[in-house]
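# Chain and residue survey
What follows is each chain in one-letter form.
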Amino acid sequence: MIAFLIGASLPPGVFGGEAGRLLTTFLGFVTASILPTISLIVGGMVVGGQSVQHLDDLGKELSSTVDALFGVFGLIGLAVIILMTLAIPTPASEYIPNVAKALPSRGGQGLVCFVGALAIARSGTVPGAIRRSLTLRTSIAVDDARKKTEERGDAAKAKVRAGFATKDGFGRTTKLADIQRPGRDER
């Protein structure tokens, strides 16, 4: 709401000139970075020896990140459409009374500022979602490394034991009473 009021308080035509072109260029750069980011996020969803819970958690985090990015993409598209509308001269402007001529321009500028502020606010959720998915991916990688280490350890243990052949009966448990001879004095 504050962003709308700030934009509406600017003099009419502010976004129609150089400022509008700069803002459109900036929004274009931001938009151009969104789709490759989504592609990298979707490509990062690899299936391996992970648990179902890990994959489910990672899928939810990546889905929320993609949703946030598409939301920002839509807001930027809306801001660009409003900027284009402000830049197009209105043929019926000569019929609008002088008192009301600034209202459409100020309203459009207010909308641009409001939508821009909303896009900035929504884009702030993206780094947090990427950090959470990175944490999940790290957890998955650690679990995989532990499993592989345990498998290698078990195989190495078996190999070492095979190298030390034992005599039959080695390690057998016997009761003391079974090995004591009857009639022998205890000292």
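Check the entry above for the structure.
The text that follows walks through the structure, step by step, so that each part is easy to find. Throughout, residues of each chain are indexed from 1 in the direction in which the sequence is written. Predicted model: local features are reported for residues with pLDDT of at least 70 only, side-chain atom pairs are reported and counted for 80 or more only, and whole-chain, interface and lining totals are derived from all residues. Neither water nor hydrogens contribute to the side-chain values; these are computed over all heavy atoms in the structure.

Secondary structure is summarised from DSSP: a helix means a run of H or I of at least four residues, a strand means a run of E of at least two, and numbering begins at the N terminus for each. Scanning the protein from terminus to terminus reveals six helices and zero strands. A 1.4 Å probe rolled over the protein chains alone gives each residue an accessible area, and that area as a share of the maximum for its type sets the label: buried under 20%, exposed over 50%, partly exposed in between. The buried share among the 187 residues of the protein stands at 23%. The contacts of the protein with a sequence gap of at least 6 include a subset with a gap of at least 24, amounting to 88%. In the form shown here, the protein has an accessible surface area of approximately 13,500 Å², with 65% of it arising from carbon and sulfur atoms. The contact definition used throughout considers only heavy atoms, calling two residues in contact when any of these lie within 4.5 Å. Under the convention used here, a 1.4 Å probe and the Shrake-Rupley method define accessible areas, while residue burial counts only the protein chains that appear.

A fitted line through C-alpha atoms represents every axis, and for helices the fit uses only the stretch in contact; the resulting angles, taken between N-to-C directions, go from 0 to 180 degrees. Direction vectors running N to C along helix α3 (residues 52-87) and helix α4 (residues 102-123) enclose 165°, while the axes themselves pass 9 Å from each other. Classed by the angle they form, the pair α3 and α4 counts as roughly antiparallel. For the element pair α3 and α4, the recorded crossing hand is left-handed. Each of Asp-67, Ala-68, Gly-71, Val-72, Leu-75, Ile-76, Leu-78, Ala-79, Ile-82, Leu-83 and Leu-86 in α3 lies in contact with α4, whose residues at this interface are Pro-104, Ser-105, Gly-108, Gln-109, Leu-111, Val-112, Val-115, Leu-118, Ala-119, Arg-122 and Ser-123. For the contact of α3 with α4, the class distribution of residues is 15 nonpolar, five polar and two charged. By the definition adopted for this analysis, an angle is roughly parallel if under 35 degrees, roughly antiparallel if over 145, roughly perpendicular if from 65 to 115, and oblique otherwise. Two helices that cross are described as forming a left-handed crossing if the nearer one is turned anticlockwise from the farther one by less than a right angle, and a right-handed crossing if clockwise. Amino acids outside the nonpolar list (Ala, Val, Leu, Ile, Met, Phe, Trp, Tyr, Cys, Pro) and the charged list (Asp, Glu, Lys, Arg) are all regarded as polar, and Gly is one of them.

A word on the pattern of salt bridges. For salt bridges, the criterion is a side-chain nitrogen of Lys or Arg within 4 Å of an Asp or Glu carboxyl oxygen. Tallied over the full model, the rule gives two salt bridges. In this structure, Asp-56 and Lys-60 form a salt bridge, with 3.4 Å as the shortest nitrogen-oxygen distance. Of this pair, Asp-56 and Lys-60 both sit in helix α3, four residues apart, roughly one helical turn. Under the relative-accessibility criterion, Asp-56 is labelled partly exposed at 41%.

For Gln-109, the location among the structural elements is in helix α4. Classification of Gln-109 by relative accessible area gives buried; the value is 1%.

The criterion is simple. A nonpolar core is a set of buried Ala, Val, Leu, Ile, Met, Phe, Trp, Tyr and Cys residues joined through side-chain atoms within 4.5 Å. Grouped together as the largest cluster of nonpolar side chains are 24 residues, with contacts concentrated most on Ile-34, Leu-69 and Ile-76. Where this core is concerned, the elements lending two or more residues are α2 (18-43), α3, α4 and α5 (125-163). Filtering out sequence-adjacent residues up to four positions away, Ile-34 remains in contact with Leu-69, Val-72, Phe-73 and Ile-76.

Attention now goes to α4. Its 22 residues give α4 an end-to-end C-alpha distance of 31 Å, which sits within 8% of 32 Å, the value for a rise of 1.5 Å per residue. Residues Ser-105, Gly-108, Gln-109, Gly-110, Val-112, Cys-113, Val-115 and Ala-119 constitute the buried set of α4. Those residues of α4 that are buried are in contact with α1 (2-9), α2 and α3. Expected span of a helix: the number of residues minus one, times 1.5 Å.

You can see Thr-65 is positioned in helix α3. On the accessibility criterion, Thr-65 (1% relative accessible area) is buried. Sequence-distant contacts of Thr-65, defined by excluding residues within four places in its chain, comprise Ile-41, Val-126, Ala-129 and Ile-130.

Our focus in this paragraph is the packing of α1 against α4. Where α1 contacts α4, the two axes come as close as 7 Å, and the packing angle between them is 145°. Pair α1 / α4 crosses with right-handed handedness. Residues Ala-3, Phe-4, Gly-7, Ala-8 and Ser-9 of α1 touch α4, and the partners they reach there are Arg-106, Gly-107, Gln-109, Gly-110, Leu-111, Cys-113, Phe-114 and Ala-117.

The next point concerns the environment of Ser-64. Position of Ser-64 relative to the elements: it lies in helix α3. A relative accessible area of 32% places Ser-64 in the partly exposed class. Distance in space between the C-alpha atoms of Ser-64 and Ala-129 is 7.2 Å, their sequence separation being 65 residues.

On to α1. Residues Ala-3, Gly-7 and Ala-8 constitute the buried set of α1. Angularly, the buried residues of α1 cover 130° about the axis, an arc narrow enough to put them on a single face. Seen from the buried face of α1, the exposed residues on the opposite side, beyond 90 degrees, are Ile-2, Leu-5 and Ser-9. Residues of α1 that are buried sit in contact with α4. Comment: arc refers to directions from the helix axis out to C-beta atoms.

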